[in-house]
Amino acid sequence: MSNDILVFVEHLNGEVTDATYELLATARTLAAQTGGSVEAAVIGAGATGLAASLGGADRVLVADTDALGAFNPQGHAAVFSGLVASREPALVLVPYTSVGMEIGNQVAVANSLPLVSYCLSVDASTGLSATCQLYSGKVEADVVVDGERAVFAMLAGAASADDGRSGGAAVAEDVDVTIPDLAVSFVGIAEPEGGDVDITAGEVLVAIGRGIESEDNIEEAQELADALGAPLAASRPIIDQGWLPKTRQVGKSGLTVKPKVYLALGISGAPEHLEGMRDSATIIAVNSDPQAPIFGVAHYGWVGDLFDFIPELTERLDG
Amino acid sequence: MKIAVLMRAVPDPVEELELDGADLDRDFLGYVLNEFDDHALEEGLLLKEESGGTLTAFALGSADEVEQMLHTAIAKGADTAQKLGDDLDPVDAHAQAATFVSAIGDGGYDLILSGVQASDEIDGQVAMLVAASLGLPHVSVVVGTTIGDGSLRVTKEYWAGITADYDVVLPAVLGIQTAREAPRYVAVARIRQAQESGALEEVEIDQPENSSGVTITGMRLPEAGEGAEMIDGDEGAAAGRVLEILQAAGVR
Ligand SMILES: Cc1cc2nc3c(=O)[nH]c(=O)nc-3n(C[C@H](O)[C@H](O)[C@H](O)COP(=O)(O)OP(=O)(O)OC[C@H]3O[C@@H](n4cnc5c(N)ncnc54)[C@H](O)[C@@H]3O)c2cc1C
Ligand SMILES: Nc1ncnc2c1ncn2[C@@H]1O[C@H](COP(=O)(O)O)[C@@H](O)[C@H]1O
């Protein structure tokens, strides 16, 4: 076993994601605690070209192979598991993202390592411990890991991506890649359709969540948005129900927005939602549950019924 | 197509949570079906209908609500359901995955579906842990499937609305984020029928052991509204204050 921290590099369309830079920043802090170095593993076709943008690591392990042209849940997990087996890092960091979710579990099971998910922070100064978010952000848990090695899946925002972007040039090292027979093959990527209002351009956003209850009630929220000249955005369940188009979704699998004012109505504030709006300049939340995690990031909050609130504000704006 | 759907009861997200040491105070806690498992069930039912296959729903008997969940699954179209154990203490994701793996056994399932995540999975995601321990191909964060020729086409969601399609040779495990259609509703009468159908099998199991190597030593309820200015008063007062905030931000 080494004292090193091994970071899984997530990339899409030739770009390393912010989630990866956040991991590199976290890894730097952890490496100082373990006395090891930061290694980053970049896997897939074009990996060589990405090494230069990973100066936040001390060493970049490059697994460049045309056999993995795009992210392959099975292939990338197998290659990364192999690297963890051969490098024996003390800590492995993956992002808690659509990609990292597949990698973390595989690598942990393949290497018989504990996996800690939903991590807000990790500490390796005495043993391994972490602070994690549970129950959709309603609970923070302190977690201790048995043993000296583990895989950590980090939530977005656990560190600053800019901190992980800085740094000089890492040493790049090509690694051998053996890819098992793959039962999963990549077909193609689809980008979202345009043509709808661009919620990332709005100075003010009115965002609704499951608290709106039914499709019929959307109209009332739309009237408020219109009175403000703001686009109507939403949390995931509203989109999944087909009540608003996908282009209006804020969060992990939707869009990231930073308006001057974000008005969240009936949104609980699950970590996946917060990821897309927590950097808004002013956040106002209306929710009937005083424990709703949205109040943890809001600058202003009112505990109450959104159906009482919406007409009151619409009237004042129109009046 | 022979389909297994793994379902979990999770603490009702709308309930006020209270703590008891390093765990939730579970005495009066209500449980609901994990919302993503509901989508896994729906996607499974659509595939069952399209392929003329069968579907079995599995759930750990760790909450009173589990029977109702499984009867609902049967009423919606599951052929059989298995309640694994009764009145079990809650266990970590590794123990849940191990229990599901032994229940699935060599049942010859072509497809194993579960929700992408659950709110209490501190040591990993059950669907992906099952895939890893069975050595099966996997795709997670799935938002739709289509039956292809000798394989299943699976749409995985990345972020910012970007999705990718994969062809997956079965057997495989999928972590379902969203079914291609909203989970169906079923009349209460149908659920009552399901209760009498005998399609729910109760499987006796020993209390599973946590095996993740991860221990929760403490829990906190983050101070709600910490750092936020909480507006007092009725909706009129709230709307008035919000208007002031909008004006101060220069957007009004
Ligand atoms: C991989 C992955 C990606 C995801 N990506 C996203 C994403 O991009 N965006 C996203 O939003 N979610 C995403 N999610 C889903 C996320 O986990 C939550 O399920 C979702 O954000 C919850 O939406 P919500 O707050 O509207 O609903 P809920 O959590 O159900 O909250 C509804 C809230 O409304 C309140 N309420 C109810 N009635 C009223 C009323 N009358 N007045 C006032 N308040 C009321 C309730 O108190 C509650 O707090 C993702 C999940 C996964 C697993
Ligand atoms: N008509 C229905 N359709 C789908 N699920 C239902 C239906 N009725 C009840 N359920 C589920 O069964 C559980 C208990 O329902 P109830 O006791 O009716 O509130 C809930 O978790 C619901 O998700």
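Residues numbered from 1 in each chain as written. Chains lettered and ligands numbered in written order. Predicted model: local features only at pLDDT ≥ 70, side-chain atom pairs only at ≥ 80, totals over all residues. Heavy atoms only, no water.

Draft legend 1. Representation of the sheet that holds strand β12 (residues 172-176) of chain B in the model. Strand order in this open sheet of ten strands is β12(A)-β11(B)-β10(B)-β9(B)-β12(B)-β8(B)-β1(B)-β6(B)-β7(B)-β13(B), and the pairing throughout is mixed. Strands at the two margins of the open sheet, each flanked by one partner only, are β12 (184-190) of chain A together with β13 (200-203) of chain B. In this sheet, adjacent strand axes meet at a mean angle of 30° when their direction is disregarded. In this structure, strand β10 (residues 152-157) of chain B lies alongside strand β11 (residues 163-168) of chain B, joined through six bridges in antiparallel fashion. Counted as the bridge partner of R153 of chain B is D167 of chain B from β11 of chain B. Its contacts with the sheet put helix α4 (residues 100-110) of chain A on β9 (138-147) and β10 of chain B, and the angle it makes with β9 of chain B is roughly 120°. (Pairing = 2+ DSSP bridges. Helix = DSSP H or I, 4+ residues; strand = E, 2+ residues; numbered from the N terminus. Axes fitted to C-alpha atoms, helices over the stretch in contact; angles between N-to-C directions. Contact = heavy atoms within 4.5 Å.)

Draft legend 2. Main features of the nonpolar core. In terms of nonpolar packing, the biggest core is built from 122 residues, with F80 and F152 of chain A together with M7 of chain B touching the most fellow members. With residues near it in sequence (within four places) discarded, M7 of chain B still touches L33, D37, L41, A57, F58, A59, L60, M69, L70, A73 and F100 of chain B. Formed by 36 residues, the second largest nonpolar core is a distinct cluster that contains V206 and L263 of chain A together with A238 and V251 of chain B. (Core = buried A, V, L, I, M, F, W, Y, C linked by side-chain atoms within 4.5 Å. Buried < 20%, exposed > 50% of the residue type's maximum accessible area, 1.4 Å probe, protein only.)

Draft legend 3. Molecular detail of the domain arrangement of chain A. Residue and element names in this part refer to chain A. Domain annotation for chain A reports domain 1 (5-174) and domain 2 (204-318). A straight line from the C-alpha centre of domain 1 to that of domain 2 covers 32 Å. Listed per partner, the contact involves seven residues of domain 1 and eight residues of domain 2. It is S136, K138 and A156 in domain 1 that bury the most area against domain 2; as a group they hold 54% of the surface buried on that side. The tally of links from domain 1 across to domain 2 stands at one salt bridge. If you look at where domain 1 meets domain 2, you find two residue pairs in polar contact (both at pLDDT 80 or more). Among the residues forming the side of domain 1 that touches domain 2, the class breakdown is two nonpolar, four polar and one charged. (Domains from an automatic or database assignment. Buried area = accessible area lost by both parts, 1.4 Å probe. Salt bridge = Lys/Arg side-chain N within 4 Å of Asp/Glu carboxyl O. Polar contact = N/O pair within 3.5 Å; in protein donor to acceptor, adjacent residues only side chain to side chain. Nonpolar A, V, L, I, M, F, W, Y, C, P; charged D, E, K, R; others polar.)

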